[in-house]
Amino acid sequence: MMTIVGGARATDDAAVTALKQRHRAMWALGDYPALAAEVVGALGPVLVDAVGVRPGERVLDVAAGTGNAAVPAALAGGRVVASDLTPELLDAGRRAAEARGIVLDWREADAEALPFAAGAFDVVTSCIGVMFAPRHAVAAAELLRVCRAGGRVGLIAWTPTGFIGRLFATMKPYLPAPPPGVQPPPLWGDEAHVRGLLGAGVEDVRVERRSLTVDAFGTPEAFRDYFASRYGPTIAAYRAVADDPDRTAALDADLVALARDAARSGPGGAPVLDWEYLLVTGRRTAPGAS
Ligand SMILES: C[S@@+](CC[C@H](N)C(=O)[O-])C[C@H]1O[C@@H](n2cnc3c(N)ncnc32)[C@H](O)[C@@H]1O
């Protein structure tokens, strides 16, 4: 495992460090590689298209997981580093990419302390990824630091009021409270919040609300069971109440109620979920401007 270096790491307090260790283990639970391939795989190409990766450009995908955005960026001709906190996901991504003959550099790294030089990349992306780093301002500053002046930044984040934002709100009462100063992930999908994070460090900012259409779950229970067995944060919520059958039953019911409430009727009456996200792109200003 490579050593993680960077200024922010040194200032982590013990609680934030411990939280990141739990996050690292949490994202390795279940089967996120399957979920990335079966449910959210369309988002990576959307982000790569929006940010416009050109052949030969140096691209960093932060919190890349198995390479949902990093792989299409490489297919577009980028020289791509896929970085993530969770080595198990990087390993799965590396194996899948190698099987397809796609070359990327897979690097273990905390989004709050990226082990790259200032201005090292032409394009910096994060697809439903950096939003999960605990300290938003620290992570945003790192994204901007490693992007050269005139380079592009592209982000996709679930919105607070969209389906996955509501999923996190639903799971929150079942999970231990985070340490003080840690902000909820879907805030990255709030336009004012993300504009504030990027500040003067990015110009020509474009923000768009879009939805991922999800028709993979035939019933609300199928959604619940899929997430309870594959999605690390949901598995963590179930583990937190594992000793309490009533709380477990309540979580079961809340997840089913969420999926039932959010579903619309699709072709042939099959249930469809629209998972709203924010797509943000912009051009990095000269560092002195931020
Ligand atoms: C929902 S997954 C998204 C993965 C991928 N970008 C995708 O679109 O499928 C969230 C990712 O954030 C990563 N992550 C969480 N906290 C992180 C941190 N502090 N630094 C870097 N990656 C982090 C997790 O390991 C996980 O791969």
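Our subject is the structure that appears above.
Residues numbered from 1 in each chain as written. Predicted model: local features only at pLDDT ≥ 70, side-chain atom pairs only at ≥ 80, totals over all residues. Heavy atoms only, no water.

**Q** How would you sum up the overall build of the chain? Please name residues and give values.
**A** Each helix and strand counted, the chain has twelve helices and eight strands in total. Rg of the C-alpha trace for the chain: 18 Å, near the compact-globule value of 19 Å for 290 residues, within the 12% margin. In terms of overall dimensions, the chain has a C-alpha envelope of 55 × 45 × 40 Å along the principal axes. Across the 290 residues of the chain, 52% fall into the buried class. When the accessible surface of the chain is summed, it comes to about 12300 Å², and 54% of that surface belongs to carbon and sulfur atoms. Of the side-chain charges in the chain, 29 are positive and 33 negative, and the distance between the mean point of each set is 5 Å. (Helix = DSSP H or I, 4+ residues; strand = E, 2+ residues; numbered from the N terminus. Rg over C-alpha atoms; globule rule 2.2 N^0.38 Å. Buried < 20%, exposed > 50% of the residue type's maximum accessible area, 1.4 Å probe, protein only. Areas by Shrake-Rupley, 256 points an atom, 1.4 Å probe, with all protein chains shown as cover. Lys, Arg positive; Asp, Glu negative; His and termini not counted. Charge placed at Lys NZ, Arg CZ, Asp CG, Glu CD.)

**Q** So what's going on with the pattern of salt bridges? Which residues, and what values?
**A** The full count for this structure, using the stated rule, is 20 salt bridges. Lys20 is the partner of Asp110 in a salt bridge, and the nearest nitrogen-oxygen pair spans 2.7 Å. Of this pair, Asp110 sits in the loop between β3 (105–108) and β4 (121–127) while Lys20 sits in helix α2 (residues 14–26), placing them 90 residues apart in sequence. Linking Arg283 and Asp204 is a salt bridge whose minimum nitrogen-to-oxygen distance equals 3.9 Å. (Salt bridge = Lys/Arg side-chain N within 4 Å of Asp/Glu carboxyl O.)

**Q** Pulling in residues and values, what's your account of the site of the ligand?
**A** Around the ligand sit 18 residues, and of these Tyr32, Asp84, Thr86, Ala111 and Cys127 come closest. Ala64 has a polar backbone atom sitting 3.5 Å from a nitrogen atom of the ligand. Contact distances for the ligand include 2.8 Å between a nitrogen atom and a backbone N or O atom of Ala111. Protein coverage of the free-state accessible area of the ligand, which is 590 Å², stands at 100%. (Near = heavy atom within 4 Å. Polar contact = N/O pair within 3.5 Å; in protein donor to acceptor, adjacent residues only side chain to side chain.)

**Q** Outline the pairing of strand β5 (residues 147–158), listing residues and values.
**A** The element β5 is extensively covered by neighbouring structure, given that nine of its twelve residues are classed as buried. Bridging between β4 and β5 involves six bridges; their strand directions are parallel. Directly across from Phe121, in β5, lies its bridge partner Cys147. A crossover links β4 with its parallel partner β5, the connecting element being helix α7 (residues 136–145), and its sense is right-handed. Looking at chain direction, β5 and strand β8 (residues 271–284) are connected through seven bridges and run antiparallel. In the sheet register, Ala157 faces β8, and the bridge partner there is Leu278. (Pairing = 2+ DSSP bridges. Right-handed = clockwise from strand over helix to strand, strands pointing away.)

**Q** Explain helix α6 (residues 87–99) to me, using residue names and the numbers behind them.
**A** Taking 1.5 Å of rise per residue, 13 residues should cover 18 Å, and α6 covers 18 Å from first to last C-alpha, within 8% of that figure. Those residues of α6 that fall on the buried side of the exposure criterion are Leu89, Leu90, Ala92, Gly93 and Ala97. Looking straight down α6, one finds its buried side chains confined to an arc of 160°; they lie on one side. Away from its buried face, by an angle of more than 90 degrees, α6 presents the exposed residues Arg95, Glu98 and Ala99. Taken together, the buried residues of α6 touch α3 (32–38), α5 (70–75), β2 (79–84) and β3. Downstream of α6 by one or two residues, Gly101 has phi in the positive range, about 75°. (Expected span 1.5 Å × (residues − 1). Arc of directions from axis to C-beta. Contact = heavy atoms within 4.5 Å.)

**Q** So what's going on with the packing of helix α11 (residues 232–240) against helix α12 (residues 245–262)? Which residues, and what values?
**A** The N-to-C vectors of α11 and α12 enclose an angle of 150°; their axes lie 9 Å apart at closest approach. As far as their axial angle goes, α12 and α11 are roughly antiparallel. As α11 runs across α12, the sense of the crossing is right-handed. Packed against α11, whose contacting residues are Thr234, Ala237 and Tyr238, the element α12 presents Thr248, Leu251, Asp252 and Leu255 at the interface. The class makeup of the residues in the contact of α11 with α12 is four nonpolar, two polar and one charged. (Axes fitted to C-alpha atoms, helices over the stretch in contact; angles between N-to-C directions. Parallel < 35°, antiparallel > 145°, perpendicular 65-115°, else oblique. Left-handed = near helix turned anticlockwise from the far one by under 90°. Nonpolar A, V, L, I, M, F, W, Y, C, P; charged D, E, K, R; others polar.)

**Q** Break down the nonpolar core for me, citing the residues and quoting the values.
**A** Of all hydrophobic cores here, the largest spans 87 residues; its most connected members are Val40, Leu104, Trp158, Trp188, Phe227 and Trp275. For Phe227, the contacting residues outside a window of four places in its chain are Leu35, Ile164, Leu167, Phe217, Thr234, Ile235 and Trp275. (Core = buried A, V, L, I, M, F, W, Y, C linked by side-chain atoms within 4.5 Å.)

**Q** Let's hear about unusual backbone geometry: which residues, and what values?
**A** In this model, Ile128 sits at a positive phi of 40°, which is unusual for a non-glycine residue. With respect to the helices, strands and loops of the structure, Ile128 is situated in the loop between β4 and α7. One non-glycine residue, Asp204, lies in positive phi territory at about 50°. Structurally, Asp204 is set in strand β6 (residues 202–214).

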